[in-house]
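Chain residues, written in single-letter form:
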Amino acid sequence: MRDAGVFSIKRALPRMSWTPKNLFNLYVRTAGPKRREITFKSANSTLFQQRWKSKAVVRAYHGDYINEKIFKRWYLPETLPDVRPKRKVLGDDKASLEEFALRKKKEEDLAREEEKKGMAPVGSLMFAEVERRIDVFLFRCCFAHSVYEARRLVIHGDVMLNGKKHQNANTRLAPGDMVSVNPSAIRFFKPPNGNSWYDVNGYEAKVKRFEALQQREPKPAKPEEPLGSSPTAAEQAVIDAHFKEGSASSDTAAESETEAAAEVPAELPAETKPAGPDIGITPFYLPHFAAPWLFIPAYIEPCFTTCSAIYVRHPTARPGYSEIPTPYDADGEIVRFAWEWYVERRPRMRSKAQLARMPEDRALAQMEDIDEGRKRLRKDVLRIAAGRRT
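Report follows, based on the coordinates. Remember, predicted model here, so these are calculated numbers, not experimental data.

### Focus on the side chain of Arg51
Next, step 1: Examined against the element boundaries, Arg51 turns out to sit in helix H2 (residues 47-61).
Next, step 2: For Arg51, a relative accessible area of 14% translates into the label buried.
Next, step 3: A distance of 3.0 Å separates the side chain of Arg51 from the side chain of Glu340, its partner in a polar contact.
Next, step 4: Here Arg51 is in contact with Phe337, Glu340, Trp341 and Glu344, once residues within four sequence places are set aside.

Okay, here's the thing in structure tokens:
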């Protein structure tokens, strides 16, 4: 985390974090007094100022730790998809007055259908490349309290990509990649110190129940005390005489006892006693004010039992819904002004030296491997065809 005041209440810029300060900043910026600064209904600020403010608040949440120059060069899409429906231009059929009269009605029906269905909020798709980063992916899976902690997990070697240790936090995932995290490195899998967590699973009640059961168990019986003194000579003579009389019958009794022991089943073992309270395979301890952040996007398939998740596909948008989480309207004026800011300030064409510095993109690498495989296949086909001609 480069900026020490990243959760500054004075600036009130929401970040990818579960901290209570960040939740307060989210409220202040989206529903509190700071909302007026990004509500551009009046003409108090110029168009340049509106775009700059929109860019600042949007970038504070989406990849604030990414250098601005790197973000513009590698994380901005070339264009956004155009989801506006192609309006049908219905010509005037002067030969038929009835059809001409129905033309306006058809246009109104098309406009009403478009308004009812709505358009996909494609403005948020400008951050699709940021969502593919492995550190952002871990934060979206709820494996880390913040994106900064997710970066630390990757850099410290606690993350595996497709079964191999991975330490590059700038990697962009490809569909089908599986990311696993070391459970001992996940903070809310460890019992916390103090009252800084929510007992959402009733762990305290289970612990108290277990302790009560432990107290109810009967105490083990004390062993018999040994004899205080050795027998006298007269007592020893009586014991020896009794032993000689019973030795003959003891042999036959021993044989019968062994036969009976073979028939009678052995004593059943005592019920296995739990070593501790039943708190599940992977117990978790949520910090305070974590509820607003507990959601999983549709393009992620997590498994908390194994501490792993699969990047199923790239995020997309559909009418009235965007799969990219953002604290602002997915296709509102803030996101649109931010897009307009970056459209006017695109970097120059990427040279070979710049392409060599590109962050790792697994999807692009897969496409390059496919293209190389196709080229080799074409060469093999041409070689085989040339051999058959000769």
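### Concerning the pattern of salt bridges
Next, step 1: Across all of its chains, the model carries 20 salt bridges by this definition.
Next, step 2: With a closest N to O distance of 3.0 Å, Asp135 and Arg133 form a salt bridge. For the pair shown, Asp135 and Arg133 are each scored as buried.
Next, step 3: Of the charged contacts in the structure, one is a salt bridge between Glu323 and Arg318, with a shortest N-O distance of 3.1 Å.
Next, step 4: Salt bridges linked by common partners bring Arg51, Glu340, Glu344 and Arg345 together as one network.

### What to know about helix H7 (residues 147-155)
Next, step 1: Within H7 the residues assigned to the buried category are Val147, Tyr148, Glu149, Ala150, Leu153 and Val154.
Next, step 2: Of the surrounding elements, those touching the buried residues of H7 are helix H6 (134-140), strand E1 (159-161) and strand E3 (178-181).
Next, step 3: Where H7 terminates, the next one or two residues include Gly157, which has phi positive at roughly 85°.

### Considering the packing of aromatic side chains
Next, step 1: Inspection of every chain in the model, using the stated rule, returns 11 aromatic pairs.
Next, step 2: Geometrically, the ring pair formed by Trp18 and Phe188 is stacked, given 5.9 Å between the ring centres and 15° between the ring planes. Here Phe188 lies in the loop between E3 and helix H8 (203-216) and Trp18 lies in the segment before helix H1 (20-30), a separation of 170 residues in the sequence.
Next, step 3: What makes Trp18 buried here is its relative accessible area of 3%.
Next, step 4: Residue Phe188 is classed as buried on the basis of its relative accessible area of 6%.
Next, step 5: Between the NZ or CZ atom of Arg172 and the centre of the ring of Tyr75, over which it lies, the distance is 5.1 Å.

### A look at a positive patch on the surface
Next, step 1: A cluster of basic residues, Arg374, Lys375, Arg378 and Lys379, forms a positive patch on the protein surface.
Next, step 2: The class for Arg378 is exposed, based on a relative accessible area of 54%.

### A short note on unusual backbone geometry
Next, step 1: A positive phi angle, close to 55°, is found at Ala12, a residue other than glycine.
Next, step 2: Assignment of secondary structure puts Ala12 in the segment before H1.
Next, step 3: We classify Ala12 as buried; its relative accessible area is 0%.
Next, step 4: The phi torsion at Phe289 lies on the positive side, around 60°, for a residue other than glycine.
Next, step 5: Turning to its location among the elements, Phe289 is positioned in the loop between helix H9 (233-263) and strand E4 (300-303).

### Quick word on the nonpolar core
Next, step 1: Core analysis: the biggest nonpolar cluster contains 61 residues, and Trp18, Phe71, Phe137, Leu138, Val159 and Val179 have the highest contact counts within it.
Next, step 2: Elements with a minimum of two residues in this core: H2, helix H3 (68-74), H6, H7, E1, E3, strand E5 (308-311) and helix H10 (333-343).
Next, step 3: Looking at this core element by element, the count peaks at 7 residues for H10.
Next, step 4: If sequence neighbours within four positions are ignored, Val159 has contacts with Ile134, Leu138, Leu153, Val154, Lys164, Lys165, His166, Val179, Ser180 and Val181.
Next, step 5: Within the second largest apolar cluster, 6 residues are counted, among which are Ala120, Val122, Leu125 and Ala317.

### Description of the packing of H2 against H10
For any two helices packed against each other, one specifies the crossing angle of their axes together with the interaxial distance.
Next, step 1: Taken N-terminus to C-terminus, the directions of H2 and H10 make an angle of 105°; their axes are 8 Å apart at the nearest point. Taken together, the axes of H2 and H10 are roughly perpendicular relative to one another. Between H2 and H10, the contacting residues are Leu47, Phe48, Gln50, Arg51, Trp52, Ser54, Lys55, Val57, Val58 and Arg59 on the first element and Glu333, Ile334, Phe337, Ala338, Glu340, Trp341 and Tyr342 on the second.
Next, step 2: Grouping the amino acids of the contact of H2 with H10 by side-chain chemistry returns 10 nonpolar, 2 polar and 5 charged.

### With respect to the state of the cysteines
Next, step 1: This structure, assessed with the given rule, holds 0 disulfides.
Next, step 2: Free of any disulfide, Cys141 has its nearest neighbouring cysteine sulfur in Cys142, separated by 7.7 Å.
Next, step 3: With a relative accessible area of 0%, Cys141 lands in the buried category.
Next, step 4: This cysteine, Cys303, is not joined by any disulfide, and Cys307 carries the nearest cysteine sulfur, 8.3 Å off.

### Remarks on the sheet that holds E1
Next, step 1: Pairing is antiparallel in the open sheet, where 5 strands are placed in the order E2-E1-E3-E5-E4. Each having just a single partner strand, strand E2 (164-165) and E4 make up the two edges of the open sheet.

### Let's talk about the pairing of E3
Next, step 1: Note that E1 and E3 share 3 bridges and pair antiparallel. In the strand pairing of E3, Val159 is matched with Val181.
Next, step 2: Both E3 and E5 contribute to a ladder of 3 bridges, which runs antiparallel. The residue bridging Ser180 from the neighbouring strand is Ser308, located in E5.

Rules used in this analysis
Residues numbered from 1 in each chain as written. Predicted model: local features only at pLDDT ≥ 70, side-chain atom pairs only at ≥ 80, totals over all residues. Heavy atoms only, no water. Helix = DSSP H or I, 4+ residues; strand = E, 2+ residues; numbered from the N terminus. Buried < 20%, exposed > 50% of the residue type's maximum accessible area, 1.4 Å probe, protein only. Polar contact = N/O pair within 3.5 Å; in protein donor to acceptor, adjacent residues only side chain to side chain. Contact = heavy atoms within 4.5 Å. Salt bridge = Lys/Arg side-chain N within 4 Å of Asp/Glu carboxyl O. Phe/Tyr/Trp six-rings, centres within 6.5 Å; stacked < 30°, edge-to-face > 60°. Lys NZ or Arg CZ within 6 Å of the ring centre and 35° of its normal. Patch = residues over 30% accessible without salt bridge, like charges linked within 9 Å, V, L, I, M, F, W, Y side chains within 5 Å. Areas by Shrake-Rupley, 256 points an atom, 1.4 Å probe, with all protein chains shown as cover. Lys, Arg positive; Asp, Glu negative; His and termini not counted. Charge placed at Lys NZ, Arg CZ, Asp CG, Glu CD. Core = buried A, V, L, I, M, F, W, Y, C linked by side-chain atoms within 4.5 Å. Axes fitted to C-alpha atoms, helices over the stretch in contact; angles between N-to-C directions. Parallel < 35°, antiparallel > 145°, perpendicular 65-115°, else oblique. Nonpolar A, V, L, I, M, F, W, Y, C, P; charged D, E, K, R; others polar. Disulfide = S-S within 2.5 Å. Pairing = 2+ DSSP bridges.

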